[in-house]
Every structure is written in C-alpha cells, then in structure tokens.
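Listed below are the residues making up each chain.
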Amino acid sequence: MLIPLLTGFFLLDGTLSRLDGLLMLCMFFAWLSAAVLEAARQRNSNESGAGATGAMNPALFAIGGLVQLVLSGRLIVTGATGIARAFGLDEFIIGATVVALGTSMPELASLVIARLRGQDEIGLGTILGSNIFNGLFIVSVAAILSPVRPPLPEVLPALAFGLLSVLIALPWRSSGRIRRVQGVFLLLLYALYMVTVFLLRP
C-alpha cells in the first residue's frame, strides 16, 4: 500500500532522482530480508523430518517453469507491441495497456494454476511480490541509472488507481477472504483506468 504513496511523494518535484532510487532500493532489500527471515522462521517451525529427498526435481521444475514464463512473457510483449504500433498507438498507451497485460500473463497463469490446486498463498504471493518487485526494485534501478522525469498527468492517475485497487482488495472483516464482489469491483476499476488513460492522452 505504501508503494504508490511513496512514488507519488518522490514525484512531487517532477523527478525520481538517483537518491530517490537508492531510498526505494533500500526499502526493497528491507522487505526482501524480512520475507526471507519469515520464510526461514516458518521452515524451522514446520520441520517434519521429511528431509531433502526428492527436492531436486521440484527445483528443476521451478527453474524450468520460470524460464518459460519469462520467454513467453517476452514473446507476448514483443508481438503485441508490434501490433499496437501498427495501429498507431503511442508509447505510453502501449506501455499502460499492451505491455502491462503481456508482462502480467505469466503471473495470471501462475495464479490460475495455484488457485485450481487450492494453493491460494502462492497465487497471492505471486501478485504481491510482483507488484513490490516492480514498484520498488525496477523503478529504483531505472532512477539510479538515469533520473526519471515522467509527465505527472500520466503517472498520478496510475498511482491513484493502484492505491485504490489495494484498498478494494483488502480482506473483509477477520475472515481474511478476498470476496468475488471485490474481484468484480477490481475489474470495473481496471476498466475505468483504461478509459482514463485513453481520455488523458492528447
């Protein structure tokens, strides 16, 4: 939830500087360290004596699947971007729609498979981890390499919709469940974002 607010704060002067990028990168590694420590704690508390027998095959499957996800995402983005440019769409529209959808397809595939297998934690972790990785690591590296000066009329709506989507997706009450009606609202919000993106373009 803090990432859109943090990015918007750093963009108040119109630029994501190298210092902003370093601060965001430090936040990313702080989150990553916390996630690794939590994983280690859970592993120690849930040891069942199964050992590492047969762990190699799942590791190979995971690595192979990750490579194929990256390659398939690249193919989708490359092909879709070519089609979009053939229709005369500008770069921001391509990035906010075609490229965004293309790079999200591997995550969607992972989420659907995890959901069908009843592994909701993996699916949710994929979504949250990807957004944190993109929002803190990718943006920070881009700013460190060269200060980013995006047009605020294009960036601020995306940050606002991002924050609003996180608020809508928060689990209701104490059940910890994200309900179907929230999913419907999120889809409607995305449709509204797409309309907003097109309307704000000159």
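Presented here is an overview of the structure given in this document. Because the structure is a prediction, the values reported are computed rather than measured. (Residues numbered from 1 in each chain as written. Predicted model: local features only at pLDDT ≥ 70, side-chain atom pairs only at ≥ 80, totals over all residues. Heavy atoms only, no water.)

Attention shifts here to the environment of G102. With respect to the helices and strands, the residue G102 is situated in helix α4 (residues 91-116). The buried category is assigned to G102, whose relative accessible area is 2%. As a C-alpha pair, G102 and P150 span 48 residues in sequence and 22 Å in three-dimensional space. Once you skip the residues sitting within four places of it in the chain, G102 turns out to touch G73, I76 and V77. (Helix = DSSP H or I, 4+ residues; strand = E, 2+ residues; numbered from the N terminus. Buried < 20%, exposed > 50% of the residue type's maximum accessible area, 1.4 Å probe, protein only. Contact = heavy atoms within 4.5 Å.)

Turning our eyes to something else, we now look at the packing of aromatic side chains. Tallying each qualifying case throughout the model produces eight aromatic pairs. Look at F28 and W31: their rings are 5.9 Å apart centre to centre, the planes differ by 40 degrees, and that puts the pair in the tilted class. Of the two residues, F28 and W31 are both situated in helix α2 (residues 18-45); the distance of three residues between them amounts to about one turn of the helix. Grouping aromatic residues by their ring pairs yields a cluster made of F28, F29, W31, F133 and F137. (Phe/Tyr/Trp six-rings, centres within 6.5 Å; stacked < 30°, edge-to-face > 60°.)

Attention now goes to the layout of surface pockets. Computed from the structure, the second largest pocket encloses a volume of approximately 700 Å³. Around the second largest pocket, the lining is made up of 20 residues, and of these G65, L66, L69, P106 and S110 lie nearest the centre. Among the elements of the structure, α3 (56-86), α4 and α5 (120-145) are those that each provide at least two residues to the lining of the second largest pocket. Ranked by residue count, the leading element in the lining of the second largest pocket is α3, at nine residues. Of the residues contributing to the lining of the second largest pocket, the split by class is 11 nonpolar, six polar and three charged. (1 Å grid on protein atoms, 1.4 Å probe; cavity = no way out; pocket = protein on both sides within 12 Å on 5 of 7 lines; lining within 4 Å. Points joined across faces, edges and corners; volume = space filled by probe spheres on them. Nonpolar A, V, L, I, M, F, W, Y, C, P; charged D, E, K, R; others polar.)

With that settled, consider the environment of Y190. Tracing the backbone through its elements, the reader meets Y190 in helix α7 (residues 180-200). Expressed as a C-alpha distance, the spacing of Y190 and S165, which sit 25 residues apart in the sequence, is 8.5 Å.

Across soluble globular proteins, you tend to see nonpolar side chains buried next to one another. Of all hydrophobic cores here, the largest spans 12 residues; its members are I3, L6, F10, L11, L16, M24, F28, I132, L136, A143, V155 and L159. Of all the secondary-structure elements, those providing two or more residues to this core are α1 (2-10), α2, α5 and α6 (152-169). For F28, the residues in contact, after removing those within four places along its chain, are I132, F133, L136 and F137. Core analysis: the second largest hydrophobic core is formed by seven residues, I93, A96, F161 and M194 among them. (Core = buried A, V, L, I, M, F, W, Y, C linked by side-chain atoms within 4.5 Å.)

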